[in-house]
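The lines below spell out each chain.
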Amino acid sequence: MSVATPAPAVSPDHLLDAPLPQLLAEHRVDVSTLEADPGFTGGAYVRADGSMLFVRPAGRPDAEWEMVARSMLGRALRVPMPDLPELYQLSEL
């Protein structure tokens, strides 16, 4: 995952507390849902223009998507976020 240019004054509290649809709109994130293997919990791609594409696996719990999407956004914006539960891991390619 590449790094997006952070918006001014993006805080961990905002990324954790704001409604997810609002966050995705604020940071120009498009979401595509697709069928995926059970171990895949999401992916992110930062485009050359700074907008992002998140991939959401179909059929996964909403709470899991909320957690993973917020974590991916924090990583892309280089905002320090709490660690994900041990079961989850973000990787950059």
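For the structure, see preceding data.
Predicted model only: the values in this text are computed from it and were never measured.

### Section: the overall build of the protein
Right, so step 1: Of the regular secondary structure elements, the protein holds three helices and three strands.
Right, so step 2: The C-alpha atoms of the protein give 12 Å as radius of gyration, which agrees with the globular expectation for 93 residues (12 Å, within 12%).
Right, so step 3: C-alpha atoms of the protein, sized along the principal axes, occupy 35 × 25 × 25 Å.
Right, so step 4: For the protein, with 93 residues in total, the buried portion stands at 37%.
Right, so step 5: For the protein, the accessible surface area stands at approximately 5,600 Å², while carbon and sulfur atoms represent 54% of it.

### Details of the nonpolar core
Right, so step 1: Core analysis: the largest hydrophobic core is formed by 20 residues, its most contacted members being Leu-15, Met-52, Phe-54, Leu-73 and Leu-77.
Right, so step 2: Among the secondary structure elements, those contributing two or more residues to this core are helix H2 (20-26), strand S3 (52-57) and helix H3 (62-77).
Right, so step 3: For this core, the element with the most residues is H3, which contributes seven residues.

Criteria and cut-off values
- Residues numbered from 1 in each chain as written.
- Predicted model: local features only at pLDDT ≥ 70, side-chain atom pairs only at ≥ 80, totals over all residues.
- Heavy atoms only, no water.
- Helix = DSSP H or I, 4+ residues; strand = E, 2+ residues; numbered from the N terminus.
- Rg over C-alpha atoms; globule rule 2.2 N^0.38 Å.
- Buried < 20%, exposed > 50% of the residue type's maximum accessible area, 1.4 Å probe, protein only.
- Areas by Shrake-Rupley, 256 points an atom, 1.4 Å probe, with all protein chains shown as cover.
- Core = buried A, V, L, I, M, F, W, Y, C linked by side-chain atoms within 4.5 Å.

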